[in-house]
Amino acid sequence: MLDIKLIRDRTDWVEERLRTRGGRHDLNAFRLLETEKRALQTETEQLQAERNAVSREVGVRKQRGADAGELLARMKELGPRIKELESRLRAQEERLQALLMELPNLPHPSVPLGADANDNVEVRRWGTPPTFSFTPLNHWDVGERLGILDFAAGAQIAGARFTVLRGAGARLTRALISFMLDLHTTEHGYTEILPPMLASAAALQGTGQLPKFEAELFATRDDPFYLIPTAEVPLTNLVRERILAAHELPLKLTAWTACFRREAGAAGQDTRGLIRQHQFDKVELVQITKPEESNQALESLTRDAEQVLQRLELPYRTVALCTGDMGFAAAKTYDLEVWLPGQGRYREISSCSNTEAFQARRMQARFRREDGNKAEPVHTLNGSGVAVGRTLVAILENFQQADGSVIIPDALRPYLGGLGKLTMA
RNA sequence: GGAGAGAUGGCCGAGCGGUCGAAGGUGCACGCCUGGAAAGCGUGUGUACCCCUAAAGGGUACCGAGGGUUCGAAUCCCUCUCUCUCCGCCA
């Protein structure tokens, strides 16, 4: 949610910044509505003040046994008038709020201008894509040949975009999760959380998935829950409606969760393999910081995610998303793209964003400085550290051998009882 | 799922339908006191929004949420949510 005062005071500037993201946002309608609302509020509050004064006087007179007849008559008129104004005011506020909730975040000044993914800017590259003496297979072929990925079984249970992992596939996934969590908790200073994987509408609204992107979410039928599309939702909502002390910041949280996405509108994309599933595992990183520290925090959070790929010896590049390609809540985003030999290109495996105060304002997450002044919104950041399913894909494709086996990166072996290679049965 | 109890400020805890944003305590901040501290004394100590703004100031709303009764609701009524206890069920 944008700062309403900023919209009011610098309408044109905000509108211009929003325009860089593409889409159209008419802030004049907003400003008009807001002006109207304030007039209504002033009128309402004047009458309320009068009501309070008169009814106080009624009390005083009654206690003295004096007559309050004409006062009661005045109150008879005031009552309905106030009630009507109050309900109009509330309606107006709701409309404003609804408009506000639909506006995306403003891009940080350092974000490259651009329309779509083609305008993203590569900021660094790590590792060298492997060369093969044979034509590298797609991960689904590698996985099926090893008997660790079973797409047919996933479809049988739940349908398209669900997969069953078997044997070493399941174990490798569990190993990846443990490896990532251990790295972030013991070396990067994050606290491990195991949160609910269903969340309320209020929580989803706080992080920005609702109300605008309901179509992307799975919901429960008989209860008011949504399946979380990312652990960013529960982790960030840990500070919803809280006022933190300055010394508690930054908060660094990590969690493994399953993530559930309907992938509405993704028909025909990545229909084969593990790349785009309705359910996938992810280790998430979240930081809650002071405003002046969030820029630096995004850099370090991104490095924390990159470290996962480096330890796993997976070649990747880091890309700064342009204004037109960023998500709704983000002020700035780096994507990590891992090299996939089967596709011969880099594919997103992590997305690290600073949402600044955007989510904090939605969820009223604040902190108070040592000087004891007014509480102000915190900044919230999130990033995948990293997507587990896609990491499995990357390992299968990058470390596949001519004989169909797959070498396990050293960093992962302790989590697999020393296993160094997946081989065909 | 059944039965019961509860929800008030950072925390604890009062609150006959009227002057209650809310007693009291405690915590915290500042000041006095002290060689220093404790104790003691004094002052202050919620959030949001609006008006006015240089500052000060003023107003409105908020006692879990929403509705109702009333000239007037923290206080009465209804609905909901959450927490706790007991029973049942269950991993």
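Each value, and the rule that gives it
- Residues numbered from 1 in each chain as written.
- Chains lettered and ligands numbered in written order.
- Predicted model: local features only at pLDDT ≥ 70, side-chain atom pairs only at ≥ 80, totals over all residues.
- Heavy atoms only, no water.
- Patch = residues over 30% accessible without salt bridge, like charges linked within 9 Å, V, L, I, M, F, W, Y side chains within 5 Å.
- Areas by Shrake-Rupley, 256 points an atom, 1.4 Å probe, with all protein chains shown as cover.
- Salt bridge = Lys/Arg side-chain N within 4 Å of Asp/Glu carboxyl O.
- Lys, Arg positive; Asp, Glu negative; His and termini not counted.
- Charge placed at Lys NZ, Arg CZ, Asp CG, Glu CD.
- Helix = DSSP H or I, 4+ residues; strand = E, 2+ residues; numbered from the N terminus.
- Pairing = 2+ DSSP bridges.
- Near = heavy atom within 4 Å.
- Polar contact = N/O pair within 3.5 Å; in protein donor to acceptor, adjacent residues only side chain to side chain.
- Nonpolar A, V, L, I, M, F, W, Y, C, P; charged D, E, K, R; others polar.
- Phe/Tyr/Trp six-rings, centres within 6.5 Å; stacked < 30°, edge-to-face > 60°.
- Buried < 20%, exposed > 50% of the residue type's maximum accessible area, 1.4 Å probe, protein only.
- Axes fitted to C-alpha atoms, helices over the stretch in contact; angles between N-to-C directions.
- Left-handed = near helix turned anticlockwise from the far one by under 90°.
- Contact = heavy atoms within 4.5 Å.

A. View of a positive patch on the surface. A surface patch of like charges, here positive, comprises Lys-5, Arg-366, Arg-368 and Lys-374. Within the secondary structure layout, Arg-368 lies in strand 13 (residues 366-368).

B. Representation of the sheet that holds strand 7 (residues 243-245). The three strands lie next to each other as 7-13-14, forming an open sheet whose pairing is mixed. Edge positions in the open sheet fall to strand 7 and strand 14 (376-377), since each of these has one partner strand only. Where strand 7 and strand 13 come together, three bridges link them in parallel fashion. Its bridge partner being in strand 13, Ile-243 is matched across the sheet by Arg-366.

C. How the structure looks around the protein's contact with RNA strand B. The environment of RNA strand B is made up of 23 residues, and the closest members are Gln-41, Gln-48, Ser-55, Gln-63 and Met-75. Each atom of RNA strand B within 4 Å of the protein was classed as base or backbone; sugar and phosphate made up 69%. In the environment of RNA strand B, a phosphate oxygen lies 3.1 Å from a nitrogen or oxygen atom belonging to the side chain of Arg-38. Elements with a contribution of two residues or more to the surface near RNA strand B: helix 3 (27-64), helix 4 (69-102) and strand 13. When residues of the surface near RNA strand B are assigned to their parent elements, the largest contribution, 14 residues, is made by helix 3. Residues that form the surface near RNA strand B fall into these classes: four nonpolar, seven polar and twelve charged.

D. Molecular detail of the packing of aromatic side chains. On inspection of all chains with the given rule, the structure shows six aromatic pairs. Ring plane angle 75° and centroid distance 6.2 Å describe the contact between Phe-179 and Tyr-415, whose orientation is recorded as edge-to-face. One end of the pair, Phe-179, is in helix 7 (residues 168-187); the other, Tyr-415, is in the loop between strand 16 (406-407) and strand 17 (421-422), with 236 residues separating them in the sequence. By relative accessible area, which is 6% here, Phe-179 ends up buried. What makes Tyr-415 partly exposed here is its relative accessible area of 28%. Here Phe-213 and Phe-328 contribute two aromatic rings whose centre-to-centre distance is 5.2 Å and whose plane-to-plane angle is 75°, an arrangement assigned as edge-to-face. Taken as a pair, Phe-213 in the loop between helix 8 (201-207) and strand 6 (226-227) and Phe-328 in the loop between strand 10 (316-320) and strand 11 (332-340) lie far apart in primary sequence, 115 residues in all.

E. Spotlight on the sheet that holds strand 8 (residues 251-260). The eight strands lie next to each other as 1-10-11-12-15-9-8-4, forming an open sheet whose pairing is mixed. A strand with exactly one partner marks an edge of an open sheet, and here the two such strands are strand 1 (121-126) and strand 4 (191-193). Averaged over all neighbouring strand pairs, the angle between strand axes comes to 25°, with direction disregarded. Where strand 9 (residues 279-289) meets strand 15 (residues 379-387), seven bridges bridge the pair, whose relative direction is antiparallel. Counted as the bridge partner of Lys-282 is Ala-387 from strand 15.

F. Molecular detail of the pattern of salt bridges. Counted by the stated rule, this structure contains 23 salt bridges. With a closest N to O distance of 3.2 Å, Glu-57 and Arg-61 form a salt bridge. Here Glu-57 pairs with Arg-61, and both are found in helix 3, just four residues apart, close to one helical turn. The partly exposed category is assigned to Glu-57, whose relative accessible area is 30%. Look at the salt bridges and you will find they share partners, linking Glu-43, Arg-81, Glu-84 and Arg-88 into a network.

G. Expanded view of unusual backbone geometry. That bond from Leu-249 to Pro-250 is cis: its omega, -5°, falls within 30 degrees of zero. For Pro-250, the position within the fold is in the loop between strand 7 and strand 8. Of the consecutive residues Gly-385 and Val-386, the connecting peptide bond is found in the cis state with omega at 0°. One can find Val-386 in strand 15. Residue Glu-263 is not a glycine yet carries a positive backbone phi of 55°. Its relative accessible area of 14% is what places Glu-263 among the buried residues. The backbone phi angle of Asp-270 is positive, close to 50°, even though this residue is not glycine. Its place among the elements puts Asp-270 in the loop between strand 8 and strand 9.

H. Representation of the packing of helix 2 (residues 11-19) against helix 3. Relative orientation of the contacting elements helix 2 and helix 3 amounts to 145°, with a least axis distance of 10 Å. For the pair helix 2 and helix 3, the crossing hand works out as right-handed. Counting all contacts with helix 2, which are made through Thr-11, Val-14, Glu-15 and Leu-18, the residues of helix 3 involved are Leu-27, Asn-28 and Arg-31. Of the residues assigned to the contact of helix 2 with helix 3, the class counts are three nonpolar, two polar and two charged.

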